[in-house]
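Inside the fold
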Amino acid sequence: MPNIVITGAQWGDEGKGKIVDLLAARVQVVARYNGGHNAGHTVILGEEKFVLHLIPSGILHPGVLCVMGNGMVIDPWALETEVAELGKRGIEVDDNLVISDRAHLILPHHRLLEQLSEQARGTRKIGTTNRGIGPAYEDKAGRRGLRTCDLLRPAALRAKLEEARRNFELVCRGAGHEPELDWSALARELAAFGERLGPRIQDAAAVLHRTMARGYSVLFEGAQAALLDVDHGTYPFVTSSSATAGGVATGLGVPPTRIDAILGIAKAYTTRVGAGPLPSEIGGSLEDEIRKRGAEYGASTGRPRRCGWFDAVVTRYATRINGFDSIALTKLDVLDPLAEIKVCVGYRHDGRVIEDFPADLAVAEECEPVYESLPGWTRPTTGLRDWTDLPDAAKGYVTRLAEHVGCEIGIVSTSPDRDDTILRRDSAVAAWFA
Ligand code: GDP
Ligand code: IMO
Ligand code: MG
């Protein structure tokens, strides 16, 4: 298999976990390059459901090396909990997990800062996952963050925390809060993490370069998605990391020239958790029905996801900035009962139609979606594994989406199960599998 990036083409929760799991059977390494435990990647293995937050979804495949890249932010408490929970369920996490020595840490003060910031925004709050993600990336960019390599030098921890503490206290006092945090106790806890995690904390880029030199294939697992990317997403209603394919180079130390292919994951409709524009939002009882059929509740926070029609403007934009070679379209089965399915093909704003996703959120919020209406198939597609078994209207729907987006749809997913997946012959994906 070539070295493939898997990344979200909408606002997250497209089914990246399922597709990573599907492809992980054919690679030796799965590496995550961005985000933290804000992600929730669901993998169904037979009767069992696993939701991975920090650890790459490849961990469920014995013999696959999993790498957590420097572009991630790691909450060591959350990491240990995830490792322990997997262990209880018979999934061994041992020397099959490498943590970059350059990844930044999420510490308790980050969660407190996030709460203050969200409260201060009032009605314009982002609706974050409240995991401390944003403030951890702020400390990174502000050059006061702690990295996993710091856990290995316990004597210096207290001093390293000083810069973060100073900024934290300034912000707290500015907001009229007396900062309360026992930094000495924190330094001791971090030193203990260092002892336990020590053997896993390595130069992850060097590990990846060595494995690639041996001819091993790597799957790069993205968290979140293009429209949540800090540069390309619906700013400020985004996460704080580089979720697009470009994040692989900075988030893992793998040069762009080592990326062979990019697979975008898109739902057959659109969802979003948290605040911010969702131009094709459906509303009313039909949105409730789709949410129910698609079980659209956050895998990390349990929040109901907002649901919209497939937005071709969004996925075309994601295709362009990521350079998708192919798209995996998930959850086609969720649309089975609908007699009419809409696709957003443009936005009307100030009397003209925009076909590119706007930078200015005021435009995204004010615009009126332009819809194309397509006939539904009103027949079950759940569990179908062959393109030729799909009803004609379902084939027509998939074909039309690919035309609008300007990228082939090489995979169609028809249930959460790994095997309920259609691999299109003559697609780029089929060539990767060959
Ligand atoms: P991720 O964050 O992109 O990995 O996606 P999530 O795991 O947060 O959300 C996707 C949800 O859809 C999970 O519950 C999956 O089990 C489920 N899922 C994935 N593919 C399909 C599909 O083709 N059909 C249905 N009905 N569910 C799917
Ligand atoms: P996966 O990898 C969907 C959203 C949050 C919020 C915004 C910022 O499972 O697709 P943050 O806590 O990151 O600062 O929140 O981003 N968000 C996600 N939405 N799926 C995710 O991950 C998300 N990770 C963050 O809801 O709107
Ligand atoms: Mg998710």
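In what follows, the accompanying structure is described. (Residues numbered from 1 in each chain as written. Chains lettered and ligands numbered in written order. Predicted model: local features only at pLDDT ≥ 70, side-chain atom pairs only at ≥ 80, totals over all residues. Heavy atoms only, no water.)

Phe220, Leu332 and Tyr397 are the most contacted members of the largest nonpolar core, which has 74 residues in total. Looking at this core element by element, the count peaks at 6 residues for helix α12 (residues 392-405). With 57 residues, the next largest nonpolar core counts Ile19, Leu97, Trp183 and Phe193 among its residues. (Core = buried A, V, L, I, M, F, W, Y, C linked by side-chain atoms within 4.5 Å. Buried < 20%, exposed > 50% of the residue type's maximum accessible area, 1.4 Å probe, protein only. Helix = DSSP H or I, 4+ residues; strand = E, 2+ residues; numbered from the N terminus.)

Next up on the list: the site of ligand 1. Of all residues adjacent to ligand 1, which total 18 residues, the nearest are Lys16, Gly17, Thr42, Asp333 and Ser413. Within the backbone of Ser415, an N or O atom sits 3.2 Å from an oxygen atom of ligand 1. Surface burial for ligand 1 is 92%, taken as the share of its 580 Å² of free accessible area covered by protein chains. Elements with a minimum of two residues in the shell around ligand 1: α1 (16-24) and β3 (41-45). (Near = heavy atom within 4 Å. Polar contact = N/O pair within 3.5 Å; in protein donor to acceptor, adjacent residues only side chain to side chain. Areas by Shrake-Rupley, 256 points an atom, 1.4 Å probe, with all protein chains shown as cover.)

It is worth spelling out the pattern of salt bridges at this point. Close approach of charged atoms allows side chains with opposite charge to pair. Under the definition given, this model contains 29 salt bridges. A salt bridge links Glu372 to Arg400, with the nearest nitrogen and oxygen atoms 2.6 Å apart. Here the residue Glu372 occupies a position in strand β18 (residues 368-375), and Arg400 occupies one in helix α12, the gap between them amounting to 28 residues. Its relative accessible area of 19% is what places Glu372 among the buried residues. Accessibility expressed as a relative area gives 28% for Arg400, which makes it partly exposed. Each of Arg158, Glu162, Arg165, Glu169, Arg173 and Glu178 takes part in one network of salt bridges that share partners. (Salt bridge = Lys/Arg side-chain N within 4 Å of Asp/Glu carboxyl O.)

Once that is clear, we can look at the packing of helix α3 (residues 108-121) against helix α4 (residues 133-141). With their axes 7 Å apart at the nearest point, α3 and α4 run at an angle of 110 degrees to one another. When the interaxial angle is binned, α3 and α4 end up roughly perpendicular. Pair α3 / α4 crosses with right-handed handedness. Contact with α3, carried on its side by His109, His110, Leu113 and Glu114, involves Ile133, Pro135, Ala136 and Asp139 of α4 and no other residues of that element. (Axes fitted to C-alpha atoms, helices over the stretch in contact; angles between N-to-C directions. Parallel < 35°, antiparallel > 145°, perpendicular 65-115°, else oblique. Left-handed = near helix turned anticlockwise from the far one by under 90°. Contact = heavy atoms within 4.5 Å.)

A regular strand places its side chains on the two faces of the sheet in alternate fashion. Counting buried residues in strand β16 (residues 340-349) gives 7 out of 10 residues, a clear majority hidden from the surface. As judged from the 2 bridges shared by strand β14 (residues 310-311) and β16, these two strands associate in the parallel manner. Bridging from a neighbouring strand, Phe310 pairs with Val343 of β16. Relative to β18, β16 is paired through 8 bridges, and the arrangement is antiparallel. Each residue of the ladder has a partner; that of Cys344, found in β18, is Tyr371. As defined by bridge partners, β16 adjoins strand β17 (residues 352-354) across 3 bridges and the pair is classed as antiparallel. Bridging from a neighbouring strand, Arg348 pairs with Val353 of β17. Here β16 hands over to β17 after 2 residues, with Asp350 in that stretch at a positive phi of 55 degrees. (Pairing = 2+ DSSP bridges.)

Protein ligation of the magnesium ion (ligand 3) involves Asp13 (OD) and Gly40 (O), the donor distances falling in the range 2.0 to 2.2 Å. Residue Asp13 is found in the loop between β1 (4-8) and α1, and its partner Gly40 is found in the loop between β2 (29-32) and β3; the two are separated by 27 residues along the sequence. (Donors = N, O, S within 2.8 Å, 3.2 Å for Na, K, Ca; no water.)

In the neighbourhood of ligand 2, 20 residues make up the surrounding shell, with Lys16, His41, Thr129, Thr239 and Arg303 lying closest. One of the side-chain N or O atoms of Asn38 is found 2.9 Å from an oxygen atom in ligand 2. A distance of 3.1 Å separates an oxygen atom of ligand 2 from a polar backbone atom of Val273. Bound to the protein, ligand 2 loses 97% of the 550 Å² it would expose on its own.

Okay, unusual backbone geometry next. Backbone phi values are negative for most residues with the exception of glycine, while trans is the configuration of most peptide bonds. The omega angle of the peptide bond from Tyr235 to Pro236 is 5 degrees, so this bond is cis rather than trans. The residue Lys331 is not glycine, and still its phi comes out positive at about 65 degrees. Looking at the secondary structure, you find Lys331 in the loop between β15 (326-330) and β16. Positive phi is not limited to glycine here, since Asp426 has a value of about 65 degrees. In this structure, Asp426 sits in the loop between β20 (421-423) and α13 (428-433).

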